[in-house]
Amino acid sequence: MTMGKLTINRNLFILHLTVIVWGFTGILGNLISIAAVHLVWYRVLIAFVSLAIYFWYKRQSFAVGRKELIQFFLTGGLVGLHWILFFESIKVSTVSVTLVCLSSVTLFTAFIEPLFYKRRTSKMEVLVGLLIIVGICLIFKFEGQYVKGIVLGLLAALAAALFGTINSKLIKRNEATVISFYEMLGAWLWISLFMLITGGFHHGLKATGKDVGYLLLLGIVCTSGAYVAAVSVMKEISAFRVALASNLEPIYGILLAWLFFGQSEKMSAGFYAGAIIILGSVFVYPMMKYQVAKRKAQFRIKPNA
């Protein structure tokens, strides 16, 4: 085996390990006893502090202009909102319900991205979107007791689609770690302001010993560490492979939820039918997109051959 293949295999292993770690955030959200708002406040605080330590260790500058700073802080508000909705969804439903609903980020991105990039929505994206809607309708029908969790999970997906699309533009001009640092800081400031206005700085902010351990794991390993690892492997692995691996996150998360919580994560047959439709659509989508792009590239080359 050549050195190049060894590097790619090592990076693929790191990528899948990172996706598993991301899937583990749902488990931690269920294990941490404090409210979702307080949980996210701690998470983003730990994340931006640990990233600041990373910059100091690497002796890397994270200075940005005023315009970029405002953009990062505003986007950070969306990131914070996404995580609050995500963890609140877990707390009022189950990890499995939340993760499947979060997969609909593909649906929302398919319609939001063309608005940002001023292009038409493709027929393929509409088809995938319709399949995801069918899956969501099935889950609503068979898991009526989790309506609040489903709605919150879908809103979390919408927020993720918004900040994901914004970041796809910001990443062209800025380092990923710098974006992450300021967005985490921005999220913390927005949540702090919200807590100040609503009287959120009360005894509910007090975390138990177990909560502190879980929060450190969530903030350092599942947020900062996983993000840096994901960025580093992208230098060697194609965007297509990264997209495929990332779409495994809800599957890894659901399997981990079964392992940790057993019967409480057991759903109806209708839920699993809806989940298969959604996850199948999300997983197949990048492959379809890749094949279409490949054929278009071949068509462009042929006339000059």
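In case you missed it, the structure is sitting above this.
Residues numbered from 1 in each chain as written. Predicted model: local features only at pLDDT ≥ 70, side-chain atom pairs only at ≥ 80, totals over all residues. Heavy atoms only, no water.

Asker: Report on the packing of helix 5 (residues 105-117) against helix 7 (residues 147-170), specifying residues and quantitative values.
Answerer: At a minimum axis distance of 9 Å, the contact between helix 5 and helix 7 shows a crossing angle of 40°. In terms of orientation, helix 5 and helix 7 fall into the oblique class. For the crossing formed where helix 5 meets helix 7, the hand is right-handed. Every residue of helix 7 that contacts helix 5 at Val 105, Phe 108, Thr 109, Ile 112, Glu 113, Phe 116 and Tyr 117 is listed here: Leu 154, Ala 157, Leu 158, Ala 160, Ala 161, Leu 162, Thr 165, Ile 166, Ser 168 and Lys 169. Class assignment for the residues of the contact of helix 5 with helix 7 results in 12 nonpolar, 3 polar and 2 charged. (Axes fitted to C-alpha atoms, helices over the stretch in contact; angles between N-to-C directions. Helix = DSSP H or I, 4+ residues; strand = E, 2+ residues; numbered from the N terminus. Parallel < 35°, antiparallel > 145°, perpendicular 65-115°, else oblique. Left-handed = near helix turned anticlockwise from the far one by under 90°. Contact = heavy atoms within 4.5 Å. Nonpolar A, V, L, I, M, F, W, Y, C, P; charged D, E, K, R; others polar.)

Asker: Describe the packing of helix 3 (residues 66-92) against helix 8 (residues 176-198), naming the residues involved and giving the relevant values.
Answerer: Running from amino to carboxyl end, helix 3 crosses helix 8 at an angle of 65°, the nearest separation of the two axes being 6 Å. On the basis of the axis angle, helix 3 is roughly perpendicular to helix 8. For the pair helix 3 and helix 8, the crossing hand works out as right-handed. Between helix 3 and helix 8, the residues in contact are Leu 69, Phe 72, Phe 73, Leu 74, Thr 75, Gly 76, Gly 77, Val 79, Gly 80, Trp 83 and Ile 84 and Val 178, Ile 179, Tyr 182, Glu 183, Met 184, Leu 185, Gly 186, Ala 187, Leu 189, Trp 190 and Ile 191, respectively.

Asker: How would you explain the packing of aromatic side chains if you had to name every residue and give the values?
Answerer: For any pair of aromatic rings, the description rests on two quantities: the centre-to-centre distance and the angle between the ring planes. Using the criterion set out here, one finds 17 aromatic pairs in the structure. Geometrically, the ring pair formed by Trp 41 and Trp 188 is tilted, given 5.9 Å between the ring centres and 35° between the ring planes. With Trp 41 in helix 2 (residues 36-58) and Trp 188 in helix 8, the pair connects residues that are 147 residues apart, well separated along the chain. Under the relative-accessibility criterion, Trp 41 is labelled buried at 11%. Feature note: the residues Trp 41, Tyr 42, Phe 48, Tyr 54, Phe 55, Phe 62, Phe 72, Phe 181, Tyr 182, Trp 188 and Phe 201 constitute an aromatic cluster, connected by ring pairs. The side chain of Arg 43 reaches across the aromatic face of Trp 83, ending 3.8 Å from its centre. (Phe/Tyr/Trp six-rings, centres within 6.5 Å; stacked < 30°, edge-to-face > 60°. Buried < 20%, exposed > 50% of the residue type's maximum accessible area, 1.4 Å probe, protein only. Lys NZ or Arg CZ within 6 Å of the ring centre and 35° of its normal.)

Asker: Outline the nonpolar core, supporting the account with residue identities and numerical values.
Answerer: One finds Leu 39, Val 40, Phe 87 and Met 184 to be the most contacted residues of the largest nonpolar core, which totals 79 residues. Looking at which element gives the most residues to this core, the answer is helix 2, with 11 residues. Residues in contact with Leu 39, not counting those within four places in the same chain, are Gly 29, Ile 32, Ile 34, Phe 87, Lys 91, Leu 215 and Leu 218. (Core = buried A, V, L, I, M, F, W, Y, C linked by side-chain atoms within 4.5 Å.)

Just geometry here; none of it tells us what the structure is for.
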